[in-house]
Amino acid sequence: MNKKLAVIASVLKPVNDSRNYEKTAISISKLGKYKVHIVGQKVIDLPDDSTIVFNPLFSFQRLSFKRFFVGWVFLRYLLRLKPDLVIITTFELLLPAVMYRIIKNKKIIYDVQENYFRNLIYTTSFPPILKHLMALLVRGLEYTTRPFIHHYILAEKNYEKEFSFTKNKSTIIENKLRKNSLLPKVNRGDGLIQFIYTGTISENYGIFEVISLVKLLNYKNDKIHLKIIGYSSRKDILEKIKKEISDCSFISMEGGADFVSHQNILKHIASSDFGLISYRSDRSTENCIPTKLYEYIALQLPYLINLNPIWKDLTQQYKAGIEVDFLKPDVENILIRIKENDFYSKKANEDIYWQDEVFLNLI
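Because the structure is a prediction, the values reported are computed rather than measured.

Colleague: So what exactly am I meant to see when it comes to the side chain of K292 here?
Modeller: Tracing the chain through its elements places K292 in helix α10 (residues 291–298). In this structure K292 is buried but unpaired, with E295 as the nearest side chain of opposite charge at 8.0 Å. Within polar-contact distance, the side chain of K292 engages the backbone oxygen of T198 at 2.6 Å.

Okay, here's the thing in structure tokens:
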């Protein structure tokens, strides 16, 4: 039987990105009806998976002139491959995907993984004038291409409130851990209290507040260590981090300028004692639930988390963590609570995991 062809595409994310590969691609592949291709940034170590074709088409800096041509490169790729299903995960691929639909009349799904308008307006990733212009262009693009998109997948439940271009043609599938990705807890036996920061390394996600807190905690208890594991596209942030931790033997970083596989991150979570979730309070993330929160709960890793009413209910439901003011931390109280708290009185429910059936019903 000749299989249909499905393409899942991102611009800045690696071809082995956890949502695009471990969740979306593997779910589609399980149907047995599609040969699945993933398009994204090049990585050094690709998964050993014969069921998926990895296409590292895009390789450029975040603020690179080459980025302007990514749509044209992607459209040429689609016309050559002629897929039956195209899932795009970023606004930059909307135009080429719509053009492909007009030419070939194939199914287009937009997996909305971020509110790009808010990300541009409320963060410092781009210069002020440029970010406002880009935000308006992005939102305009999302609305004008709506008639050509068959369906939208929303990675956050609150996206339904934040914008309306997906109205009446969307399904919420949050970015949760796939259940078969669970790993057993690892007992290191080194006597340390290992803290971990995982995922995108960013100012907006509170990396410097994390470093500052761990320094204070280590001053009181030198058994406390920190592992930073993840990726950042900003060289200036990485240089600042290196300066901040240059004289801290108890803080290490893995990844940084290089992508880190999701499986590697999960292994580090399984061998750590506490996670750190320290998103800064701003309108770009106020309604988002971090992927790492679901991962920590699924892997039964206690965590320190800053104050947010959306995260509070989930944290309290599982007795999963301690609310902390990362800007004004009560160090003594934190040390007492991490020692005395009885975390995870129950295991994760099914709603903590990736909704495979819901996703496949869309396909």
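Colleague: Just checking my understanding: could you explain the packing of aromatic side chains for this structure?
Modeller: We describe a pair of aromatic rings using the distance from one ring centre to the other and the angle between the two ring planes. As enumerated under the stated definition, the model contains 14 aromatic pairs in all. Ring centres 6.0 Å apart and planes at 55° place the aromatic pair Y110 and Y152 in the tilted group. Separated by 42 residues along the polypeptide, Y110 in strand β5 (residues 107–112) and Y152 in strand β6 (residues 151–154) bring together distant segments of the chain. Plain terms: the ring middles of W354 and F359 are 5.8 Å apart, the flat faces sit at 50° to each other, and that makes the pair tilted. Neither W354 nor F359 differs from the other in exposure class; each is buried. Aromatic rings pair up to connect Y110, Y143, Y152, Y159, F163 and F165 into one cluster.

Colleague: I'm lost on the sheet that holds strand β8 (residues 193–198) in this one. Help?
Modeller: In a beta sheet, neighbouring strands are held together by backbone hydrogen bonds and run either parallel or antiparallel to one another. Spatially, the six strands line up as an open sheet ordered β10-β9-β8-β11-β12-β13, and their pairing is parallel. With one partner strand each, in any of the chains shown, β10 (251–256) and β13 (321–323) form the two edges of the open sheet. For this sheet the average axis-to-axis angle between neighbouring strands, irrespective of direction, equals 20°. Sheet strands in contact with helix α12 (residues 331–340) are β8, β9 (224–231), β11 (274–277), β12 (303–305) and β13, and its direction is about 160° off that of β13.

Colleague: What is the right way to look at the packing of α10 against helix α11 (residues 309–318) in this model?
Modeller: The relative placement of two packed helices is expressed as an angle between their axes plus a distance between the axes. Contact geometry of α10 with α11 gives a least axis separation of 11 Å together with a crossing angle of 5°. The orientation of α10 relative to α11 falls into the category roughly parallel. Residues L293, Y294 and I297 of α10 lie in contact with α11, whose contacting residues are W311, L314 and Y318. For the contact of α10 with α11, the residue count by class is six nonpolar, no polar and no charged.

Colleague: Explanation requested: α10 in the structure shown.
Modeller: Along α10, seven of the eight residues are buried, which leaves the element largely enclosed by surrounding structure. Within the sequence span of α10, burial applies to K292, L293, Y294, E295, Y296, I297 and A298. If you follow the buried residues of α10, they end up packed against β8, α9 (262–270), β11, β12 and α11. Two residues or fewer after α10 comes Q300, characterised by a positive phi angle close to 60°.

Colleague: Honestly, a nonpolar patch on the surface in this entry has me stumped. Any pointers?
Modeller: On the surface, a cluster of nonpolar side chains totalling about 550 Å² of accessible area is made up of L57, F68, F69, W72 and V73. Turning to its location among the elements, W72 is positioned in helix α2 (residues 70–81). Relative accessible area serves as the criterion here: at 53%, W72 is assigned to the exposed category.

The rules behind these values
- By convention here, each chain's residues receive numbers from 1 onward along its written sequence.
- Where local features are concerned, this predicted model is filtered to residues with pLDDT of at least 70; where side-chain atom pairs are given and counted, the filter is 80 or more; whole-chain, interface and lining totals use all residues.
- Hydrogens are left out, water is left out, and the side-chain values use all remaining heavy atoms of the structure.
- Only DSSP runs of H or I covering at least 4 residues are called helices, and only runs of E covering at least 2 are called strands; the numbering of each starts at the N terminus.
- For the exposure calls, accessible area comes from a 1.4 Å probe over protein chains only, and a residue counts as buried if that area is under 20% of its type's maximum, exposed if over 50%, partly exposed in between.
- Charge counting treats Lys and Arg as positive and Asp and Glu as negative, with His and both chain ends excluded.
- The salt bridge definition used is simple: a Lys or Arg side-chain nitrogen within 4 Å of an Asp or Glu carboxyl oxygen.
- Any pair of N or O atoms that falls within 3.5 Å is considered a polar contact. Within protein, one atom must be able to donate a hydrogen and the other to accept it, and sequence-neighbouring residues count only if both atoms are side-chain atoms.
- Think of it this way: a Phe, Tyr or Trp ring, Trp meaning its six-membered ring, pairs with another when their centres are within 6.5 Å, and the plane angle makes it stacked under 30 degrees, edge-to-face over 60, tilted otherwise.
- Note on pairing: two strands pair once DSSP finds at least 2 bridges between them.
- Whenever a helix is involved, its axis is fitted only over the stretch in contact; in every case the axis is a line through C-alpha atoms, and angles between N-to-C directions fall within 0 to 180 degrees.
- Here, residues are in contact when the closest pair of their heavy atoms is within 4.5 Å.
- Here the angle decides the label: under 35 degrees means roughly parallel, over 145 means roughly antiparallel, 65 to 115 means roughly perpendicular, and every other value means oblique.
- Amino acids are sorted into nonpolar (Ala, Val, Leu, Ile, Met, Phe, Trp, Tyr, Cys and Pro), charged (Asp, Glu, Lys and Arg) and polar (every other residue, Gly among them).
- Here the term patch refers to residues with relative accessible area over 30% and no salt bridge, with like charges joined within 9 Å and nonpolar side chains (Val, Leu, Ile, Met, Phe, Trp, Tyr) within 5 Å.
- Methods summary: accessible areas were calculated by the Shrake-Rupley approach with a probe of 1.4 Å, and residue burial reflects only the protein chains presented.

Everything listed here is a matter of geometry and, on its own, says nothing about what the molecule does.
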